[in-house]
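# Observations on the model geometry
One letter stands for each residue in the lines below.
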Amino acid sequence: MIAVDRGRYTCVVGDDPGTGHGDRTDGGTVTAMRARELGRKSVVVGDRVALVGDTSGATGALARIVRIAERTSVLRRTADDDETTAEGRLERVVVANADQLVIVSSLADPPPRTGFIDRCLVAAYDADIEPLLCLTKADLAPPEEVLGYYTELDLRHVLVGPGSDLDELRGLLAERISVMVGHSGVGKSTLVNRLVPEADRAVGTVSAIGRGRHTSTSAVALRLPSLRGNRRVHPGWIIDTPGIRSFGLAHVSAESLLHGFPDLVEGTVECPPNCEHTPDEADCALDAWVAAGNADPRRLASYRRLLASRAGEVE
């Protein structure tokens, strides 16, 4: 499913975003509605669904979504970080079945917000989705300060500027389903339009106080053009999401966040039940694990920084 608009779902038939293979090879689109038997189960962009009815894709044709396939990954966020509130307990599925989270941040105008990047990393690790940091407006400021902040996370990154070659980024997107997130004004929609020229995603401007206008209003999956000189490799899909100001993480536990730190996992074996692994946890075994030389202390510091960001203590 690649888009939803007022109760109508746009589905691509016969083009598996991960492999390019399917029952049909035309990759045509079909408009569908939810079948009653789905009940309250949500259908989101990225879902693989079963259709019945008129799947011709002809004007006015309407199919029905009768089944949602098991999701390989679910990227979630909550309205806020407080799990004691209704908003904090309400999880919203952003996209399904993505295997890469592209965090788009500008190096200037507006300046990078490492707190937001941290929170996106938390969401990626929780969903078991590989993160990729895409730094835009590389012509306006150097990347060293931002990259230095993430040295110990082994975070993959790519730099993009106006008119720069996008071959490296296209290579990192190939054969994958990538969801792109970022604040408004960081150049995400401009980047999407460069990657998929026919996408025609709305592009806003940045105000005098460094805040971008919200432009994209709904998530949409876009098939990337074939790679230059290599049509045998599926170019992949990108899911563009609306510009967002925050990523509520009340649903993420300290243990889930450990997915991004496999070198620390074994060190938690001696921790007491329900240990939050914060510096305030007197019996947390991670400090001893690091002191014994089993992991770099900077990795533990990074993990705890993300824990604090998850709880809304850093922004």
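The structure we're discussing is the one just above.
The rules behind these values
- Residues numbered from 1 in each chain as written.
- Predicted model: local features only at pLDDT ≥ 70, side-chain atom pairs only at ≥ 80, totals over all residues.
- Heavy atoms only, no water.
- Core = buried A, V, L, I, M, F, W, Y, C linked by side-chain atoms within 4.5 Å.
- Buried < 20%, exposed > 50% of the residue type's maximum accessible area, 1.4 Å probe, protein only.
- Helix = DSSP H or I, 4+ residues; strand = E, 2+ residues; numbered from the N terminus.
- Contact = heavy atoms within 4.5 Å.
- Polar contact = N/O pair within 3.5 Å; in protein donor to acceptor, adjacent residues only side chain to side chain.
- Phe/Tyr/Trp six-rings, centres within 6.5 Å; stacked < 30°, edge-to-face > 60°.
- Lys NZ or Arg CZ within 6 Å of the ring centre and 35° of its normal.

In this structure, Leu75, Leu101, Leu121, Leu195, Ile238, Leu264 and Tyr303 are the most contacted members of the largest nonpolar core, which totals 86 residues. Take this core: its biggest share by element is nine residues, from helix H2 (residues 114–127). Non-local contacts of Tyr303, meaning those with residues more than four positions away in its chain, are made with Ala254, Leu257, Leu258, Phe261, Leu264, His277 and Leu286.

Along the polypeptide, Asn97 turns up in the loop between strand E7 (91–96) and strand E8 (100–106). Owing to a relative accessible area of 2%, Asn97 belongs among the buried residues under this scheme. Among the polar contacts made by the side chain of Asn97, one reaches the main-chain amide nitrogen of Thr72 at a distance of 2.8 Å. Not counting residues within four places of it along the chain, the set of residues in contact with Asn97 comprises Gly46, Asp47, Arg48, Glu70, Arg71, Thr72, Ser73 and Ile177.

Here we take up the packing of aromatic side chains. In this description, a pair of aromatic rings is defined by centroid distance and the angle of the planes. Overall, the coordinates contain three aromatic pairs when judged by the stated rule. Among the aromatic residues, those joined into a cluster by ring pairs are Tyr125, Phe261 and Tyr303. Above the plane of the ring of Tyr149 lies Arg305, whose end atom (NZ or CZ) is 3.9 Å from the centre.

Function-wise, these values are silent; they only describe arrangement.
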